[in-house]
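Working through the structure, step by step
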Amino acid sequence: MTIGVLAVQGDVREHLRTLARLGVAGHLVLRPEHLAGLDGIILPGGESTAMWRLMTRAGLASPLRESLVSGLPAFGTCAGMILLAREITNWPETFFGVLDIAVERNATGRQVDSFEGSVVANGLGEVPAVYIRAPLVRRMGPQVKVLALLGDAPVLVREGNVFAASFHPELTGDARVHELFVQICEKGER
Ligand code: GLN
């Protein structure tokens, strides 16, 4: 199992640590050639606009989009969810656009409004969830499955091989959300 972690910006180390806890080696993805042979890729939290700018500069945005369109399993957390979304309600650009959701950026407020809670996720039970300037899903297409909610906003969603969380499971000691992604990579609908 070879899972890449997009490493241009964001909380890369925390994802590597969580994968290691599951016995999976994460591979840093900084350049197009790092996409070869991956079974899945994690897009971490950070700043989606900065990540996009850096990916574009590295010549990584287009080949990664092609991989995603051809079915490479992806897991986006927070900024990663924004990168995957088809629409951003309060931002003029979209990035990869491979997940049929509309997200509102920074919907949980500013950095100082960060909070830790827990969500009850389908098939996983109660998992801890850290929200930092998190995006919330405001609309979604019929193929998108909701795995967890915060109030009435979906915060863990899946459409085929594309999986995304508004929160940061990598900042908790709990690896179950990542474990679910590893299963998606193993069984992938490719
Ligand atoms: N607000 C950030 C963005 O728009 C995401 C924050 C995060 O990843 N913790 O990209």
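It should be noted that the structure appears before, not after, this text.
This text gives an overview of the structure that appears in the document. All values reported here derive from a predicted model rather than from experimental measurement. Counting of residues starts from 1 at the beginning of each chain's written sequence and follows it residue by residue. Where totals are concerned, whole chains, interfaces and linings use all residues; where local detail is concerned, this predicted model gives features only for residues with pLDDT of at least 70, and gives and counts side-chain atom pairs only at 80 or more. Heavy atoms throughout the structure, all of them, feed into the side-chain values; hydrogens and water do not.

1. Here's the deal with unusual backbone geometry
Look at Cys78: it is not a glycine, yet its phi comes out positive at around 55°. Along the chain, Cys78 turns up in the loop between strand 4 (74-77) and helix 4 (79-84). For Cys78, a relative accessible area of 4% puts it in the buried group. Phi at Arg133 is positive, roughly 45°, even though this residue is not glycine. Looking at the element boundaries, Arg133 is found in the loop between strand 8 (125-131) and strand 9 (136-140). Residue burial is assigned from relative accessible area. The probe radius is 1.4 Å, only protein chains are included, and a residue is buried under 20% of its type maximum, exposed over 50%, and partly exposed in between. Classification of Arg133 by relative accessible area gives partly exposed; the value is 26%. A run of DSSP states H or I qualifies as a helix once it reaches four residues; a run of E qualifies as a strand once it reaches two. Both are numbered from the N-terminal end.

2. Concerning the pairing of strand 10 (residues 145-150)
Strand direction decides the pairing type here: strand 10 and strand 11 (residues 153-159), joined by 5 bridges, are antiparallel. In the sheet register, Leu150 faces strand 11, and the bridge partner there is Ala153. Note on pairing: two strands pair once DSSP finds at least 2 bridges between them.

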